[in-house]
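Here is how the chains run, residue by residue.
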Amino acid sequence: MTKPPYRSVLFVCLGNICRSPLAEGVFRSVLAGEGKHLSVEIDSAGTNGYHTGEAPDRRSIHVARNHGIDISDQRCRQLTHRDFTRFDLLVGMDRANMATIATRRPGGGTATIGLFNEFALGDPAEIPDPYYGSDADFERVYRMVLAASKGLSKLF
Ligand code: 4NP
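Residues numbered from 1 in each chain as written. Predicted model: local features only at pLDDT ≥ 70, side-chain atom pairs only at ≥ 80, totals over all residues. Heavy atoms only, no water.

Right, let's talk about the packing of aromatic side chains for a bit. The tally for this structure, following the rule as stated, stands at 6 aromatic pairs. An angle of 75° between the planes, with centres 4.9 Å apart, marks the rings of tyrosine 131 and tyrosine 132 as edge-to-face. Judged by its relative accessible area of 30%, tyrosine 131 is partly exposed. Overall, the relative accessible area of 77% leaves tyrosine 132 in the exposed class. (Phe/Tyr/Trp six-rings, centres within 6.5 Å; stacked < 30°, edge-to-face > 60°. Buried < 20%, exposed > 50% of the residue type's maximum accessible area, 1.4 Å probe, protein only.)

Put into structure tokens, the structure is as follows:
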């Protein structure tokens, strides 16, 4: 288990096309605002590999762009064993993500693993999966991710 100040973080959701790409972009923007982005590695991954190689969902690209953040260059990838030693911190969006991350953790995995809102803000609320939702659900995810990112940045 690594301890703060953290120097790398991997955001993890189910598909790596809706929530975690948004978290990656928003957290990078929050750290940039604090002048800390150059010394921190930030990435995202999905527990499943259904969308590997794809750009983020257009609704995530759209909501990010509405808030001045470009995530369109990101490409989906699946969580790997190596991520458990490569990153200081693995951050899951919901409890299903957390359960899958725990089952994938190899022996010798050093990363600290936390539920995003709980780890960053002490708030047990999950970041809900917006995949089958509306544009308003994506906006809500954005606001939750922004608040959690501001809290998380204090640990970097
Ligand atoms: P995400 O949303 O986990 O926030 O990227 C999803 C994206 C794709 C699927 C489910 C959730 N899917 O089943 O393809």
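What follows concerns helix H1 (residues 19-33). Look at H1: 21 Å from first C-alpha to last across 15 residues, which is about the 21 Å you get at 1.5 Å a residue. The element H1 is extensively covered by neighbouring structure, given that 11 of its 15 residues are classed as buried. Residues of H1 that are buried include every one of Arg19, Ser20, Pro21, Leu22, Ala23, Glu24, Gly25, Val26, Phe27, Val30 and Leu31, and no others. In this structure, the buried side of H1 is in contact with strand E1 (8-13), strand E2 (41-46), helix H2 (58-66), helix H4 (95-104), helix H5 (116-121) and helix H6 (135-153). Among the residues trailing H1, glycine 35 stands out with phi positive, at a value near 70°. (Helix = DSSP H or I, 4+ residues; strand = E, 2+ residues; numbered from the N terminus. Expected span 1.5 Å × (residues − 1). Contact = heavy atoms within 4.5 Å.)

Right, let's talk about the sheet that holds E2 for a bit. In space, the 4 strands of this open sheet follow the order E2-E1-E3-E4, with parallel pairing throughout. What marks the edges here is a single partner per strand, and that holds for E2 and strand E4 (112-115). Across the sheet, the axes of successive neighbouring strands diverge by a mean angle of 20°, strand direction being ignored. Its contacts with the sheet put H4 on E1, strand E3 (89-92) and E4, and the angle it makes with E4 is roughly 160°. (Pairing = 2+ DSSP bridges. Axes fitted to C-alpha atoms, helices over the stretch in contact; angles between N-to-C directions.)

Our focus in this paragraph is the environment of proline 56. On the secondary structure map, proline 56 appears in the loop between E2 and H2. A sequence separation of 17 residues divides proline 56 from aspartate 73, and the C-alpha atoms of the two residues are 8.4 Å apart. When neighbours within four sequence positions are excluded, proline 56 is seen to be in contact with Ile17, Pro21, Ile61, Ile71, Ser72 and Gln74.

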